[in-house]
Amino acid sequence: IIAGEGSFREPLELLLRSIARGDKTLFDRIVNIGWQFDHKPRQPLVHLEQFTDDARFNELHDNAAACDLSSRVTFAGFLDHSQLPELLSRASATVLPSVIPEAYPLALAESLAVGIPPIATDIGGAKAFFDELLPTLRPGHRNLRVRSEPSELVSDLTDVVSHNLRLFKEPDVDAIRYARDNYSWESIARKLTRLYERCTGAGATLRAS
């Protein structure tokens, strides 16, 4: 299930259709137009250029046919935060394969809250998130980072997703505890209260001096 709405949704659906049908001309065209779909200067989707090779594309098409790809993928479009918990709680894994740095994707914490540790590219806010999270998880549950480089992303996703689909048969209680302790409204309120107390205390000390 692919959730989200944006300028790349329709090109992504066409990419899936082109792979499922073996339409390499359509696939190559979408890859070459690339970032122009996002109202930016035309630049190829470098993470997918490796598959414009005939042999690599044929391999993609064969794999898609073997697993009946087109009937197994659903584009859910935009889902607000009241709808996400039910979807996430039914997932075997959550994947955020961003190729540009994001500030601090909220979906990472939302996934943790239902015991599904998220798999994400190790850039931007996700890197800071993992730096804090991973030491709190059991050693075998820490394989969640994916490199964002074009030459590494696809192979990393394949390996990391496969690893975690085998591993997480039940919700991870460590992940749920971490989300509760760090991202619940109660924990945020406590952190803000402590911050205000330090600020007002510093102000009182300054006035007294």
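Note: the structure precedes this text.
Residues numbered from 1 in each chain as written. Predicted model: local features only at pLDDT ≥ 70, side-chain atom pairs only at ≥ 80, totals over all residues. Heavy atoms only, no water.

1. Some points on the pattern of salt bridges
Link 1 in the chain: Tallied over the full model, the rule gives 15 salt bridges.
Link 2 in the chain: Notably, a salt bridge pairs Glu59 with Arg56, separated by 3.9 Å at the nearest N-O pair. Of this pair, Glu59 and Arg56 both sit in helix α3 (residues 54–66), 3 residues apart, which is roughly one turn of that helix.
Link 3 in the chain: What makes Arg56 partly exposed here is its relative accessible area of 31%.
Link 4 in the chain: Close ionic contact of Asp156 with Arg147 constitutes a salt bridge, the shortest N to O distance being 2.8 Å.
Link 5 in the chain: Taking relative accessible area as the criterion, Asp156 reaches 11% and is therefore assigned buried.
Link 6 in the chain: One network of salt bridges, with partners in common, ties together Asp122, Lys127, Asp131 and Arg145. (Salt bridge = Lys/Arg side-chain N within 4 Å of Asp/Glu carboxyl O. Helix = DSSP H or I, 4+ residues; strand = E, 2+ residues; numbered from the N terminus. Buried < 20%, exposed > 50% of the residue type's maximum accessible area, 1.4 Å probe, protein only.)

2. Here's the deal with the packing of aromatic side chains
Link 1 in the chain: Scanning all chains against the criterion turns up 8 aromatic pairs.
Link 2 in the chain: Relative to Phe37, the ring of Phe8 lies with its centre 6.5 Å away and its plane at 65 degrees, an arrangement referred to as edge-to-face. Here Phe8 is found in the loop between β1 (2–3) and α1 (9–21), whereas its partner Phe37 is found in the loop between α2 (24–33) and α3, with 29 residues between them in sequence.
Link 3 in the chain: Note on Phe37: relative accessible area 24%, which makes it partly exposed.
Link 4 in the chain: With a centroid separation of 5.2 Å and 55 degrees between ring planes, the pair formed by Phe27 and Phe57 is classed as tilted. Residue Phe27 is located in helix α2, and its partner Phe57 is located in helix α3; the two are separated by 30 residues in the primary sequence. Like Phe57, Phe27 is buried.
Link 5 in the chain: Among the aromatic residues, ring-to-ring pairing joins Tyr104, Phe129, Phe130, Tyr178 and Tyr183 into one connected group. (Phe/Tyr/Trp six-rings, centres within 6.5 Å; stacked < 30°, edge-to-face > 60°.)

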